[in-house]
Amino acid sequence: SKSDAPVEWKKDSVSITPSKKYEIKQRGSTLELIIHSLKPEDSGEYTCDSGEQQTKALLTVHATSILFKEQLQNKEAEEGDTVTLRCKLTKPDASVEWRKDSANIIPSQKYEMKQRGATVEL
């Protein structure tokens, strides 16, 4: 392991290039691949290849559960009024389904859905 020897990082045999997602560091003979904002699809086999030798490691990323930080609040309104229902999730930009009774609600003239980070509104 020569100091500053060039190496190639791979995920599942595909070369990795530095980006917002992947940060590659080398200080002397110490090599690091830093993976930012992990998601389950980042799971796989990672390889550090010096050309002469390689080492591999398996990364498993578990999805985190999405929980409600702030629950929906009961509301009362007069016929013809407009009401906003709001809740906050533990995971920003998580996929959300709105339901009235057990029927899915879709965006329409009557229903407007918004999502800003972890806050969702109907």
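Just above sits the structure.
These remarks concern the structure in this document. (Residues numbered from 1 in each chain as written. Predicted model: local features only at pLDDT ≥ 70, side-chain atom pairs only at ≥ 80, totals over all residues. Heavy atoms only, no water.)

1. What to know about the layout of surface pockets
To find leftover empty space, one rolls a probe the size of a water molecule over the atoms.
Item 1. Looking at the largest pocket, its volume works out to about 530 Å³.
Item 2. Around the largest pocket sit 18 residues that line it, and Thr82, Val83, Lys110, Tyr111 and Leu122 are the ones nearest its centre.
Item 3. Taken together, the residues of the lining of the largest pocket sort by class into 8 nonpolar, 2 polar and 8 charged. (1 Å grid on protein atoms, 1.4 Å probe; cavity = no way out; pocket = protein on both sides within 12 Å on 5 of 7 lines; lining within 4 Å. Points joined across faces, edges and corners; volume = space filled by probe spheres on them. Nonpolar A, V, L, I, M, F, W, Y, C, P; charged D, E, K, R; others polar.)

2. Digging into the pattern of salt bridges
Item 1. This model, assessed by the stated rule, comprises 10 salt bridges.
Item 2. We note a salt bridge from Lys25 to Glu23, for which the minimum N-O separation is 3.6 Å.
Item 3. Judged by relative accessible area, Lys25 falls into the partly exposed class, the value being 29%.
Item 4. Here the residues in one salt-bridge network are Arg86, Arg116 and Glu121, joined through shared partners. (Salt bridge = Lys/Arg side-chain N within 4 Å of Asp/Glu carboxyl O. Buried < 20%, exposed > 50% of the residue type's maximum accessible area, 1.4 Å probe, protein only.)

3. Things to note about the pairing of strand 8 (residues 86–89)
Item 1. Burial along strand 8 is one-sided: the residues Cys87 and Leu89 are buried and none of Arg86 and Lys88 is.
Item 2. Note: strand 7 (residues 68–70) against strand 8, 2 bridges, orientation antiparallel. The residue of strand 8 that forms the bridge with Phe68 is Leu89.
Item 3. Alignment of strand 8 against strand 12 (residues 119–121), held across 3 bridges, turns out to be antiparallel. The partner of Arg86 across the bridge, within strand 12, is Glu121. (Helix = DSSP H or I, 4+ residues; strand = E, 2+ residues; numbered from the N terminus. Pairing = 2+ DSSP bridges.)

4. Structural notes on unusual backbone geometry
Item 1. Residue Asp12 is not a glycine yet carries a positive backbone phi of 50 degrees.
Item 2. Note that Asp12 resides in the loop between strand 1 (8–11) and strand 2 (14–15).
Item 3. Among the residues examined, Asp12 registers a relative accessible area of 41% and is labelled partly exposed.

5. Thoughts on the sheet that holds strand 1
Item 1. If you walk across this open sheet you meet the 4 strands as 2-1-5-6, and the pairing is antiparallel. Each edge of the open sheet carries a strand with a single partner, namely strand 2 and strand 6 (54–59).
Item 2. In the sheet, strand 5 (residues 44–49) pairs with strand 6 via 6 bridges, with the strands oriented antiparallel. Within the sheet, the bridge partner assigned to Thr47 lies in strand 6 and is Lys56.

6. Here's the deal with the environment of Gln71
Item 1. Tracing the backbone through its elements, the reader meets Gln71 in the loop between strand 7 and strand 8.
Item 2. Taking the C-alpha atoms as reference points, Gln71 and Leu85, separated by 14 residues in sequence, lie 9.7 Å from one another.
Item 3. Other than its neighbours up to four places away in sequence, Gln71 contacts Arg86 and Cys87. (Contact = heavy atoms within 4.5 Å.)

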